[in-house]
Amino acid sequence: MRKTYDYMKIAVTIICIIIVYCTVPGFDNPSTYYHVLKNAAFNGILAFGMLFVLICGDIDFSVEAQFALYGILFAMFLKVGVGVILAIAITAVISIVIGNIQGAFIVKFKLSAMICTLSIGMMINGISYVIAKGQPIYNMPSVVDKIGTFKIFNLATPSLVLFLMLIISLMILHRTYWGKFFYAIGSNAVAAEKAGVPVARTKRLAFALCSFCCAISAVVYVCNLGLAPLESSRELNTSVLTIAALGGVSFSGGRGKVLRVFCASLVMSALTSILVALGVPNYYQSCIKGAILFSAILTNFIKT
Amino acid sequence: MVKELIRAENLCFTEDGVSKLHYMDFSALYGQSIGVIGLSGAGKSSLAEILSGEKTCEQGEIWLDERLATSEELKKAGMLINGDSRLIETLSVTDNILGLDFNARTSKLWYSSKKTRNFCTELLREFGLESYIDTKVAMIPVSVQHRILLISSIVRGKKFVTLDHIASDYTTVEQISLIQTISMVCKRKISVFYFVGHIEQVLIELDKICAIKNGRRIKEIKKHEYSAKTLRAYIYGFGETEISINVNKGNVITNIDGIEIRENGIHLIHNVDGSLPKWRHNIFDNKDIDIGFANASDLYNCWIGDMSVIDNLALSLCQKIEGAFLPIRKKLRDIIEADCTAQTGLSAERIYMNFEKLDRVERFSVLTYKLCTKKIIAFEQITAGADIRERAEIIKILLGLEKTIIYISSDYNELAEFNLKIYPLERGSIKHEKNI
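Residues numbered from 1 in each chain as written. Chains lettered and ligands numbered in written order. Predicted model: local features only at pLDDT ≥ 70, side-chain atom pairs only at ≥ 80, totals over all residues. Heavy atoms only, no water.

## A few points about the overall build of chain B
The secondary structure content of chain B amounts to 16 helices and 17 strands. The buried share among the 436 residues of chain B stands at 52%. Looking at chain B as shown, the accessible area adds up to about 20200 Å², and 49% of this sits on carbon and sulfur atoms. (Helix = DSSP H or I, 4+ residues; strand = E, 2+ residues; numbered from the N terminus. Buried < 20%, exposed > 50% of the residue type's maximum accessible area, 1.4 Å probe, protein only. Areas by Shrake-Rupley, 256 points an atom, 1.4 Å probe, with all protein chains shown as cover.)

This is the structure in structure tokens:
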């Protein structure tokens, strides 16, 4: 039964790809697919981060704000003459610290993850505006362009980083004890604690990983665009949660697969490209994406 | 000579102003299985939680491996499995046993389900549970999940496991399987502490049984000294020569007509093995019989929690006069208010409060008020789950009721408080009456 269901999913995907290939303008060109992959990278990396938090049974609504802050910080470091690698390292360390603080607040004071991350997100958003003085950061060093335009086998930097983060996430979730701890806490925190799982530390790690993914995504975004915009992250929270839902991640915790989230990010990116290619107005696009999200949640509910 | 694993001396523990443990002593050797038996409120769960490091006592010392142990050390060395303990559903059986292995995590980061699977299969084969290795956790019976948790203590490097009331719903076959698992785990030098409220089959196989009462250890019985009768005597508080009847679990009183009922007296029914007789009447189906009946769960389940006390009472009155509630609500409230406050001792403010906000004693007052129209009221172990203070207050209310009361209980001491007659049950009927 389970196998039949999986085969059906693969068959439906192949049929969809053939239909898109034959009917949508531009989708007969391989470069479009590379483009889809590249566009999937930013939200995909963020979704991997969100996956850790969601598996633990929490949620992070500060993804959008953190993404903007790390982009600004990275750009600022480069502007003041810090080397690229050091700038990435500092941004990553800051992200891990912020993630840890968020996790610590949630664990220590037993705050609702939603309220806590929303409020911290608002603070971070304000800090981003203060640091950037309300303006996007332009005129990046030439090395940023080099990173942005770097390609291996036609795969641009964002796509490569997406694959790298996919492997890291897979390793963490399925090949380490911490991965098991994430699933255990999300499924039954009390039982996990009794089994000896360090719940507080694991939750802090989940939030730190989520923030780290925000930092990586922001760095890739800045390198790809050549500037650090303040307004780029509008509706990013919704997009990331949509990918997670489409990827079958349980919002109540304990369930979620990295590969499915990866596929979901590709589907969402492809869908955006298809709708743009077909000339569908922006507001209709929102309706269609919303309907897809709703049907994904409904399918998950029926399945479970 | 077997080394001593744990020794607890003079443990005192108070919770919510109630003394749960009072200079309690406890000791165990490596690989020893110990049963701890006591009635509700004796302090079993408190002792289990303190030994497992879940709670800390305010007085007394716990020595682990001849060293004074902190809660953290006890938590690391011990494992607490209670009736609610389950395997984690989203992980496989292998991951549940090895993936959550805290000791392994501290020494290495990487974990592979495939590599550990063989080890787990071998381990479970030893306990006859290898067929569950690929079963979805949700499909595994609770008793098997408890046994797997017990087995996982071996790989988690635990020194002792505390089993708190896990087998109350087990079948005989499941109890036998648990006994086997306990003895196999003990052979690996892991001690098992089995906490239980009633005499169970499992106890017979354990190395030692400690009977506890009112937060103190009252008797330690070794395996070869074990006899259900002596144990009963220590737990329920009377000697085996006084009452030597045996009532099997599941015996029922089918009809109370056979009992002589005298006006204004208290009649107590006592079931010596700890099981309780089932009563056929309850407060909602006794229209034709002038008997009220209530048990401990009626204090919580027979009321609408988010409705005020007075509305709850008005609603039951309304059911009796078969009228619609809302149109006559005000009138009913006026009728009940003064009477209810006078009879129950609750303030007017309390009776307009939501029922869920009342404590156990207040709930009992309201329940007795509701039942006071009956000539006879039967209570089945109404104090189950109550602490010592609540128990005393409930009994005080009971004694002040001036009604014919049939009180069904397995706690001899509690029955003794009433100072009247006891009818011990034997195979579903009352053979003789006994003056206290």
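Moving on, there is more to tell.
## Here we look at the sheet that holds strand S2 (residues 18-29) of chain B
Residue and element names in this part refer to chain B. Taken in spatial order, the 4 strands line up as S2-S1-S4-S5 in an open sheet, and their pairing is antiparallel. Of all strands in the sheet, those bounded by a partner on one side alone are S2 and strand S5 (67-68). Both strand S4 (residues 59-64) and S5 contribute to a ladder of 2 bridges, which runs antiparallel. Looking across to S5, one finds that Trp63 is bridged to Leu68. The strands that helix H1 (residues 44-51) touches are strand S1 (4-15), S2 and S4; relative to S2, the one it contacts most, it runs at about 55°. (Pairing = 2+ DSSP bridges. Contact = heavy atoms within 4.5 Å. Axes fitted to C-alpha atoms, helices over the stretch in contact; angles between N-to-C directions.)

## Regarding the environment of Leu371(B)
Structurally, Leu371(B) is set in helix H14 (residues 360-371). Placed 78 residues apart in sequence, Leu371(B) and Phe293(B) show a C-alpha to C-alpha distance of 7.9 Å.

## Looking at the pairing of strand S8 (residues 191-196) of chain B
Residues and elements named next belong to chain B. Counting buried positions over the 6 residues of S8 gives 6, a clear majority of the element. Where burial is concerned, the two faces of S8 agree: the one with Ser191, Phe193 and Phe195 and the one with Val192, Tyr194 and Val196 are both buried. Here strand S3 (residues 33-37) runs beside S8; their pairing, made up of 5 bridges, is parallel. Following the sheet pairing, Ile37 is matched in S8 by Val196.

## Quick notes on helix H4 (residues 84-108) of chain A
Residues and elements named next belong to chain A. If you check H4, its first and last C-alpha atoms are 36 Å apart, about what 25 residues at 1.5 Å a residue would give, namely 36 Å. Every buried residue belonging to H4 is among Val84, Ala87, Thr91, Ala92, Ser95, Ile98, Gly99, Gln102, Gly103 and Ile106, and all of these are buried. Looking one or two places after H4, you find Lys110, whose phi comes out positive at around 50°. (Expected span 1.5 Å × (residues − 1).)

## Section: the layout of surface pockets
All names here are of chain A. Here the second largest pocket is characterised by a volume of approximately 1400 Å³. Looking at the second largest pocket, it is lined by 36 residues, and the ones nearest its centre are Lys9, Thr13, Leu246, Cys263 and Val267. For the lining of the second largest pocket, the elements supplying multiple residues, two or more each, are helix H1 (2-23), helix H2 (30-55), helix H11 (236-246), helix H12 (258-277) and helix H13 (282-303). Here the element with the most residues in the lining of the second largest pocket is H1; it accounts for 12 residues. (1 Å grid on protein atoms, 1.4 Å probe; cavity = no way out; pocket = protein on both sides within 12 Å on 5 of 7 lines; lining within 4 Å. Points joined across faces, edges and corners; volume = space filled by probe spheres on them.)

## Topic: the environment of His146(B)
Residues and elements named next belong to chain B. Examined against the element boundaries, His146 turns out to sit in helix H6 (residues 142-155). Judged by its relative accessible area of 1%, His146 falls in the buried class. Sequence-wise, His146 and Leu163 are 17 residues apart; in three dimensions their C-alpha atoms are separated by 9.1 Å. Side-chain polar atoms of His146 contact the backbone oxygen of Ser85, separated by 3.1 Å. (Polar contact = N/O pair within 3.5 Å; in protein donor to acceptor, adjacent residues only side chain to side chain.)

## A closer look at the nonpolar core
Judged by nonpolar contacts, the single largest core of 132 residues is most densely connected at Ile182(B) and Tyr194(B). The element best represented in this core is helix H10 (residues 199-225) of chain A, accounting for 15 residues. Listed in part, the 31 residues of the second largest apolar core include Leu332(B), Cys340(B), Ile394(B) and Leu415(B). (Core = buried A, V, L, I, M, F, W, Y, C linked by side-chain atoms within 4.5 Å.)

## So, a nonpolar patch on the surface
A cluster of nonpolar residues, Val93(A), Val97(A), Ile101(A), Phe105(A), Phe109(A) and Leu111(A), forms a patch on the protein surface that exposes about 530 Å² of accessible area. In this structure, Val93(A) sits in helix H4. (Patch = residues over 30% accessible without salt bridge, like charges linked within 9 Å, V, L, I, M, F, W, Y side chains within 5 Å. Salt bridge = Lys/Arg side-chain N within 4 Å of Asp/Glu carboxyl O.)

## Details of the interface of chain A and chain B
In this assembly, 22 residues from chain A lie in contact with 22 residues from chain B. A combined buried area of about 2000 Å² lies between chain A and chain B, and 61% of that area is made up of carbon and sulfur atoms. On the chain A side of the interface with chain B, the three residues burying the most area are Tyr177(A), Lys180(A) and Lys194(A), jointly 37% of the side's total. For the pair chain A and chain B, the number of links is 1 salt bridge. The residue Lys180(A) makes a salt bridge to Asp95(B) at a minimum N-O spacing of 3.1 Å. (Buried area = accessible area lost by both parts, 1.4 Å probe.)

## Some thoughts on the packing of aromatic side chains
Residue and element names in this part refer to chain A. Taken as a whole, this structure holds 10 aromatic pairs over all chains when the rule is applied. Between Phe163 and Phe262, the aromatic rings sit 5.7 Å apart at their centres with planes inclined by 50°, giving tilted as the arrangement. Remark: Phe262 occurs in helix H12 and Phe163 occurs in helix H7 (residues 157-175); sequence separation between them is 99 residues. Owing to a relative accessible area of 10%, Phe262 belongs among the buried residues under this scheme. An angle of 75° between the planes, with centres 5.5 Å apart, marks the rings of Trp178 and Phe181 as edge-to-face. A residue pair is termed a helical-turn pair when its members lie 3 or 4 positions apart in one helix, as Trp178 and Phe181 do in helix H8 (residues 177-187) at 3 residues. Judged by its relative accessible area of 0%, Phe181 is buried. Among the aromatic residues, ring-to-ring pairing joins Phe42, Phe67 and Tyr221 into one connected group. (Phe/Tyr/Trp six-rings, centres within 6.5 Å; stacked < 30°, edge-to-face > 60°.)

## A word on the sheet that holds strand S7 (residues 160-164) of chain B
Residue and element names in this part refer to chain B. Spatial strand order, S6-S7-S8-S3-S9-S10: 6 strands in an open sheet with mixed pairing. Every interior strand has two partners, whereas the edge strands, strand S6 (78-82) and strand S10 (216-222), have only one. Pairs of neighbouring strands in the sheet enclose a mean axial angle of 20°, with direction left out of account. Pairing of S6 with S7, which is carried by 5 bridges, proceeds in the parallel orientation. Note that in S7 the partner of Met79 across the bridge is Val161. Lying over the sheet, H6 contacts S6, S7 and S8, oriented at roughly 180° with respect to S6.

## So, helix H5 (residues 113-126) of chain B
Residue and element names in this part refer to chain B. Taking 1.5 Å of rise per residue, 14 residues should cover 20 Å, and H5 covers 20 Å from first to last C-alpha, within 8% of that figure. Restricting attention to buried positions, one finds in H5 the residues Thr116, Cys120, Thr121, Leu123 and Leu124. Buried residues in H5 make contact with helix H3 (93-99) and H6. After H5 finishes, the residue Gly128 shows a positive phi value of roughly 70°.

## Side note on the packing of helix H3 (residues 63-79) of chain A against H11(A)
Any two packed helices are characterised by how steeply their axes cross, that is the angle between the axes, and by the distance between the axes. Residues and elements named next belong to chain A. Where H3 meets H11, the axes come as close as 7 Å, and the angle between the chain directions of the two elements is 120°. Listed contacts from H11 to Val63, Glu64 and Phe67 of H3 are Leu236, Asn237 and Val240. Across the contact of H3 with H11, the residue classes break down as 4 nonpolar, 1 polar and 1 charged. (Nonpolar A, V, L, I, M, F, W, Y, C, P; charged D, E, K, R; others polar.)

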